[in-house]
2 protein chains.
Amino acid sequence: MNSSGLKDIIAVNSNLSFIDGELGKLLYRGIDVKDLVHKSTFEESIYLLWYGKLPKKDELQTFTLELCKERPIHNKILDNIKNIPCEASTISILKSIIPTLPLFEPVNDDPIKQGVKLVSKIPTIVAAIYRVKNKKEIIQPHKDLSYAENFVYMLKGKYEDIEAKAIETDFILHLDHELNASTFAARTTASTLSDLNSAISTGVNTLKGPLHGGASEDVIKMIMDIECEEKTEEYITKKLHERQKIPGFGHRVYKTIDPRAAILKSIAIELCEKTNNKQIFNIQEKIEAIMKQQKRIYPNVDYYSATIYYSMKIDIELYIPIFVIGRMAGWVGHVLEQYDNNKLIRPRARYTGFKERKYTPMNQR
Amino acid sequence: MNSSGLKDIIAVNSNLSFIDGELGKLLYRGIDVKDLVHKSTFEESIYLLWYGKLPKKDELQTFTLELCKERPIHNKILDNIKNIPCEASTISILKSIIPTLPLFEPVNDDPIKQGVKLVSKIPTIVAAIYRVKNKKEIIQPHKDLSYAENFVYMLKGKYEDIEAKAIETDFILHLDHELNASTFAARTTASTLSDLNSAISTGVNTLKGPLHGGASEDVIKMIMDIECEEKTEEYITKKLHERQKIPGFGHRVYKTIDPRAAILKSIAIELCEKTNNKQIFNIQEKIEAIMKQQKRIYPNVDYYSATIYYSMKIDIELYIPIFVIGRMAGWVGHVLEQYDNNKLIRPRARYTGFKERKYTPMNQR
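Because the structure is a prediction, the values reported are computed rather than measured.

Some words on the domain arrangement of chain A
Residues and elements named next belong to chain A. Its domain assignment divides chain A into domain 1 (14-206 + 316-340) and domain 2 (215-311). For domain 1 versus domain 2, the separation of C-alpha centres amounts to 26 Å. In this complex, domain 1 contributes 25 residues to the contact, which on the side of domain 2 involves 25 residues. When domain 1 packs against domain 2, close to 2,100 Å² is buried across both sides, 74% of that on carbon and sulfur atoms. It is Ile162, Leu173 and Tyr319 in domain 1 that bury the most area against domain 2; as a group they hold 30% of the surface buried on that side. One can count 0 salt bridges joining domain 1 with domain 2. Counting every contact that joins domain 1 to domain 2 gives 4 residue pairs in polar contact (both at pLDDT 80 or more). Among the secondary structure elements, those contributing two or more residues to the side of domain 1 that touches domain 2 are strand E2 (17-20), strand E3 (25-28), helix H1 (33-39), helix H8 (161-174) and helix H16 (319-340). Class assignment of the residues belonging to the side of domain 1 that touches domain 2 gives a composition of 14 nonpolar, 5 polar and 6 charged.

In structure tokens form, the structure reads like this:
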């Protein structure tokens, strides 16, 4: 049985998210992400994903409090961040810090507790890396703010409601997406019954690649390259003619517009108007129209999240780490599910190499 | 298309190693590992695996020199190792150190160069972690020793020829084994075009699990539990009756004895005799006979490597890290192969969760 890249091969069963690639729908535990974005919060969405139900009032309170309590990070971790040369990229520093988290804490084998810690601390770590790299003082987490508000606050020292709302929406929409490469890799690590931190580290290692988490960076680089609306058509047509990929477009699963892109687009336009970045948005809409007309390919989640980050003046090096923050709780959910009904993930390779041959002694080579 | 754990599903093509599960044969680039163990070295086997041919004399000299030159590790890495609390397990420290390696060096995008660095430095790191944890002074790598000799030397401060030979054999036999879970996970990470260090870190995260790298630890624990030859039959029969797994036995691919186990057995007996550990070996042989007779299940690679480590008085916490050292160059080979003809690895999940349902407001839950 062959499959290039395991396309369309079922690797595991999952109760977490459902993608309808034809209709362009994404459900978490049966609930449309559109509803979650409009009616729920990131914290509640995580609860839903992990526990399979919407929380009662006291359940949500307890859960939110736990997430909040675990936000601070150990001084040794902060020291480690400060000791890393600034030239290293934010994502490389981040992926080196995550595996150190359990080393400075008493061993805790409960994977849900470990998951809460990771999800709580990851924005603190990302913000600390950013501020240290940029010679700014580290801002401690604020216990009275929501998850998304607190992240923007730790990054910038302040936040506007529209920014926090944009980031919260972005987090909810990145939370889970079935077996993308990073989630699948995390489950493969978990399938040897390796610990949760190891599985999550694998997720980060995998998301880091340009074919996975790198697209939103490339979207902004492309728009900067295009410069203005008038040059858009020529630029894109040339790229398509050269059979180059347009970043932020197409998806192995969606055959229509990625529902996440549609939601993010509506926030992107609002933010762009408020921050005088309308020309960025206009270029993007033009590209979208050209791609639809010429190739029937639609924007994916990375396309308008790039615009949101850019208009919030978020450093381009933070785009992948922000994706990591959003996806972290999704990886945890999948790893918990893998542990729950585990089967080692071990496919085969088709051997295409030499037939059996003799070992030739050195003097006969 | 469904497969539990992707059993027997082809995920990629590979030229690296070929397993004949029926005949119990393992080839690297077409050459039987038996030949490599008897006629080659670990360094030459790595060259063979990476470049697809046995090296000429000057090629091997240059390659060995490169591997040798890269053995020392940065002072900052040593400081990090010293700063980690001793209670952390050796493998947890190891997996946290590997991602930090590129942070203190100039960026080098050539994956082969990165691979040489990783393969060269990993024994230095493992030995340093062991010695720091045990309050012993760190021993610097020795440039005139072979890869295997130098590892035993850095661990113990001295080495005997039979020990270096045993470890070299163990390394050659662990070098590659097609798509085991860690190699497959490393290739999945690489398939997003993430960097080599990230892919290798994923390999370590995955190998760490008890269903993958943990078996040799469990073999020794079982033998300590059995205590003496006379109690073996009762112990194993009871375990089998309770449908418990016997560590070090069985393999998803081999239907006969794992050829690696057969080779390691011949070294294990020699070492056990020399070090007055014959009763350990006798217990193991007895278990092997019972398992063959009662279950037709044969020892795998972990079974007699455990004996080798034990008779060399190697700390049980080092068993998985030694597996990591052996497999490291195999992961590198697979990642290079993945980069060479890349296709994103992204299977699907079968959704088994809730049908679409409404978001219920808080006061109606």
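The structure having been displayed, the exposition proceeds.
Description of the sheet that holds E3 of chain A
Residues and elements named next belong to chain A. Within the open sheet, the 3 strands sit side by side as E2-E3-E4. Their pairing is antiparallel. Among the strands making up the open sheet, the edge pair consists of E2 and strand E4 (31-32). By the bridge criterion, 2 bridges tie E3 to E4 in an arrangement that is antiparallel. Residue pairing for E4: tyrosine 28 is matched across the bridge by isoleucine 31.

Concerning the relation of the copies chain A and chain B
Note on the copies: chain A fits chain B at an RMSD of 0.0 Å, the axial shift is 0.0 Å, and the rotation between them is 180°. Taken together, the turn and the small shift mark the pair as related by a two-fold rotation axis. When C-alpha distances to the rotation axis are compared across chain A, the minimum falls at threonine 202 of chain A, with a value of 2.4 Å. Taken as a fraction of all interface residues of chain A, those also at the interface in chain B reach 100%, which identifies the copy contact as same-surface.

Observations regarding the confidence of the model for chain A
Residues with a pLDDT of 70 or more make up 99% of chain A, whose mean pLDDT is 95. For this predicted complex, the interface confidence score (ipTM) comes to 0.96, while the overall pTM stands at 0.96.

Looking at the state of the cysteines
Residues and elements named next belong to chain A. Counted under the stated rule, the structure contains 0 disulfides over all chains. Cysteine cysteine 272 shares no disulfide, and the gap to the nearest cysteine sulfur, in cysteine 228, comes to 16 Å. Its relative accessible area of 0% is what places cysteine 272 among the buried residues.

Observations concerning helix H6 (residues 111-133) of chain B
Residues and elements named next belong to chain B. Between the first and last C-alpha of H6 there are 32 Å, a value that for 23 residues agrees with the 33 Å anticipated at 1.5 Å per step. Where H6 bends most, the angle comes to about 35°, and this point is lysine 121, followed within four residues by the proline proline 123. Counting buried residues in H6 gives 19 out of 23 residues, a clear majority hidden from the surface. Positioned one or two residues after H6, lysine 135 has a phi angle of 55°, which is positive.

Some details on the packing of aromatic side chains
All names here are of chain A. Overall, the coordinates contain 27 aromatic pairs over all chains when judged by the stated rule. Geometrically, the ring pair formed by phenylalanine 151 and phenylalanine 171 is tilted, given 6.0 Å between the ring centres and 45° between the ring planes. Of the two residues, phenylalanine 151 sits in helix H7 (residues 147-156) while phenylalanine 171 sits in helix H8, which places them 20 residues apart along the sequence. As far as burial versus exposure is concerned, phenylalanine 151 and phenylalanine 171 are alike and both buried. The aromatic ring of phenylalanine 354 is capped on one face by arginine 357, whose charged end is 3.7 Å from the ring centroid.

Description of the interface of chain A and chain B
Contacts between the two partners involve 101 residues from chain A, matched on the other side by 101 residues from chain B. Around 8,800 Å² of area is buried between chain A and chain B when both sides are counted, 57% of it from carbon and sulfur atoms. Looking at the side of chain A facing chain B, the largest losses of area belong to Arg346, Arg348 and Tyr359 of chain A, adding up to 11% of the total buried there. For the pair chain A and chain B, the number of links is 10 salt bridges. A salt bridge links aspartate 195 of chain A to lysine 208 of chain B, with the shortest nitrogen-to-oxygen separation between them at 2.8 Å. The interface formed by chain A and chain B contains 54 residue pairs in polar contact (both at pLDDT 80 or more). Of the residues forming the side of chain A that touches chain B, the biggest block, 6 residues, is contributed by helix H10 (residues 196-207) of chain A.

Cut-offs applied
- Residues numbered from 1 in each chain as written.
- Chains lettered and ligands numbered in written order.
- Predicted model: local features only at pLDDT ≥ 70, side-chain atom pairs only at ≥ 80, totals over all residues.
- Heavy atoms only, no water.
- Domains from an automatic or database assignment.
- Contact = heavy atoms within 4.5 Å.
- Buried area = accessible area lost by both parts, 1.4 Å probe.
- Salt bridge = Lys/Arg side-chain N within 4 Å of Asp/Glu carboxyl O.
- Polar contact = N/O pair within 3.5 Å; in protein donor to acceptor, adjacent residues only side chain to side chain.
- Helix = DSSP H or I, 4+ residues; strand = E, 2+ residues; numbered from the N terminus.
- Nonpolar A, V, L, I, M, F, W, Y, C, P; charged D, E, K, R; others polar.
- Pairing = 2+ DSSP bridges.
- Least-squares fit on C-alpha atoms with pLDDT ≥ 70 in both.
- pLDDT = per-residue confidence, 0-100.
- Disulfide = S-S within 2.5 Å.
- Buried < 20%, exposed > 50% of the residue type's maximum accessible area, 1.4 Å probe, protein only.
- Expected span 1.5 Å × (residues − 1).
- Bend = angle between axes of the 7 residues up to and from the residue.
- Phe/Tyr/Trp six-rings, centres within 6.5 Å; stacked < 30°, edge-to-face > 60°.
- Lys NZ or Arg CZ within 6 Å of the ring centre and 35° of its normal.

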